[in-house]
Amino acid sequence: MVDQQSADVQHLASRIGGSVQLQAIILRELNWTLPELNVLPGLSIDLRPEFEAQAAMTPELLIYKIQSDVSAVIPDEVEIFHFRAVHQVVCSFPEGMEFTREEVEAFGSTSVMLMVFPYVRETLQSIAAKAGMPAVLLQPLRLPFVPAGDTDQSSTKSEDHAPADA
């Protein structure tokens with residue numbers, strides 16, 4: 001089920017989503033720390049991702065800066081590595097078009113996060129493998145599914161079911 005707030009955010013983001021053209025996704029910063037610890041093979045690793053977004057607008061560009069921080073903690077709460085990446089997403093839009101702050105934030109928290117996430121995930125996996133870490137897999141982001149034109153909570157479908165024509 002999707003709550004009304006999620007439906008409202010997706011509705012706000014839709015006007016920007018229908019107007020912008022993605023120009024670039026750029027990796028601006030990458031930091032990785034791996035303390036000299038002996039981690040036993042097969043030990044469970046708890047990944048704790050955090051994301052922060054900032055937005056800026058020019059007359060024809062919408063620019064987002066997404067900072068991703070991922071800590072990996074073993075069962076005794078010892079951090080065995082920390083990953084930080086900063087990506088910049090640049091979108092253009094038609095001249096003269098204006099967006100509200102709420103629309104910009106909604107688009108950033110939905111569409112932009114979904115655009116950047118595969119880059120974050122791949123970079124994390126690649127760096128972890130090069131550092132000799134066991135397989136690290138950042139779980140996918142999940143946004144509630146809101147059928148087109150439907151924002152009523154009682155009639156939303158479960159996100160576990162695909163539409164019949166998919």
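The paragraphs below set out a description of the structure included in this document. As the structure is a prediction and not an experimental result, all values here were calculated from the model. (Residues numbered from 1 in each chain as written. Predicted model: local features only at pLDDT ≥ 70, side-chain atom pairs only at ≥ 80, totals over all residues. Heavy atoms only, no water.)

**A few points about the pattern of salt bridges**
Counted only if it meets this: The working definition used for a salt bridge is a side-chain nitrogen of Lys or Arg within 4 Å of a carboxyl oxygen of Asp or Glu. The helix count covers DSSP runs of H or I at least four residues long, the strand count covers runs of E at least two residues long, and both are numbered beginning at the N terminus. To sort residues, take the accessible area from a 1.4 Å probe on protein chains only and compare it with the maximum for the residue type: under 20% means buried, over 50% means exposed, and anything in between is partly exposed.
In total, this model carries five salt bridges according to the counting rule given. The salt bridge involving Asp-69 is made with Arg-84; its shortest N-O contact spans 2.7 Å. Of this pair, Asp-69 sits in strand β3 (residues 61-73) while Arg-84 is found in strand β4 (residues 79-92), placing the two residues 15 residues apart along the sequence. Overall, the relative accessible area of 12% leaves Asp-69 in the buried class. Members of the salt-bridge network, linked through shared partners, are Asp-46, Arg-48 and Glu-77.

**Considerations on a nonpolar patch on the surface**
So the rule is basically this: Any residue with relative accessible area above 30% and no salt bridge may belong to a patch, with like charges joined within 9 Å and the nonpolar Val, Leu, Ile, Met, Phe, Trp and Tyr side chains within 5 Å. Here the accessible surface of atoms and residues is derived via Shrake-Rupley with a 1.4 Å probe, and residues count as covered only by protein chains that are part of the display.
A contiguous nonpolar surface patch, about 220 Å² in accessible area, is contributed by Phe-51, Leu-114 and Leu-141. Relative to the helices and strands, Leu-114 is located in helix α2 (residues 101-130).

**A few points about the packing of aromatic side chains**
Short version of the rule: Think of it this way: a Phe, Tyr or Trp ring, Trp meaning its six-membered ring, pairs with another when their centres are within 6.5 Å, and the plane angle makes it stacked under 30 degrees, edge-to-face over 60, tilted otherwise.
Throughout the structure, instances matching the rule amount to five aromatic pairs. Measuring from ring centre to ring centre gives 4.6 Å for Trp-32 and Phe-81, while their planes differ by 25 degrees; the resulting arrangement is stacked. Linking Trp-32 in strand β1 (residues 21-33) with Phe-81 in strand β4, this pair joins segments that are 49 residues apart in sequence. Ring pairs connect the aromatic residues Trp-32, Phe-81 and Phe-83, which therefore count as one cluster.

**As for the environment of Val-116**
Heads up, the condition is: The contact definition used throughout considers only heavy atoms, calling two residues in contact when any of these lie within 4.5 Å.
Mapped onto the elements of the fold, Val-116 is located in helix α2. Its relative accessible area of 1% is what places Val-116 among the buried residues. It is 9.8 Å that separates the C-alpha atoms of Val-116 and Leu-27, two residues lying 89 residues apart in sequence. With near-sequence residues (within four places) excluded, Val-116 lies in contact with Ile-66, His-87 and Val-89.

**Let's talk about α2**
The condition that has to hold: A helix is expected to span 1.5 Å multiplied by its residue count minus one. In this scheme, the bend at a residue equals the angle between the axes fitted to the seven residues that finish there and the seven that begin there.
In this model α2 runs 40 Å from its N-terminal to its C-terminal C-alpha over 30 residues, within 8% of the 44 Å that 1.5 Å per residue would give. In α2, a bend of some 45 degrees at Met-113 exceeds every other bend along the element.

**Some thoughts on the side chain of Ser-92**
Defined as follows: Polar contact is the term for a pair of N or O atoms within 3.5 Å; when the atoms are in protein, one must be able to donate a hydrogen and the other to accept it, and sequence-neighboring residues count only if both atoms are side-chain atoms.
Locating Ser-92 in the fold gives a position in strand β4. A residue is classified by how much of its surface remains accessible, and Ser-92, at 18% relative accessible area, is buried. One polar contact links Ser-92 to Gln-23, side chain to side chain, over a distance of 2.8 Å. Contact partners of Ser-92, with chain neighbours within four places excluded, come to Ser-19, Val-20, Gln-21, Gln-23, Glu-60 and Leu-61.

**Considering the sheet that holds strand β2 (residues 46-57)**
Rules: What makes two strands pair is DSSP finding at least two bridges between them. Axes here mean lines fitted to C-alpha atoms, for a helix over just the part in contact, with angles spanning 0 to 180 degrees between N-to-C directions.
An order of β1-β4-β3-β2 is seen for the four strands of this open sheet, with the pairing classed as antiparallel. With partners counted over all chains shown, the strands left at the sheet margins are β1 and β2, one partner each. Within this sheet the neighbouring strands show an average axis-to-axis angle of 15 degrees, counted without direction. Bridge count for β3 against β4 is 13 bridges, and the pairing is antiparallel. What sits directly across from Leu-61, in β4, is Ser-92.

**Section: unusual backbone geometry**
Despite not being glycine, Glu-77 has its phi angle at roughly 65 degrees, a positive value. Within the fold, Glu-77 resides in the loop between β3 and β4. Glu-77 sits in the exposed class, given a relative accessible area of 51%.

From the geometry alone we can't say anything about function, so treat these as descriptive.
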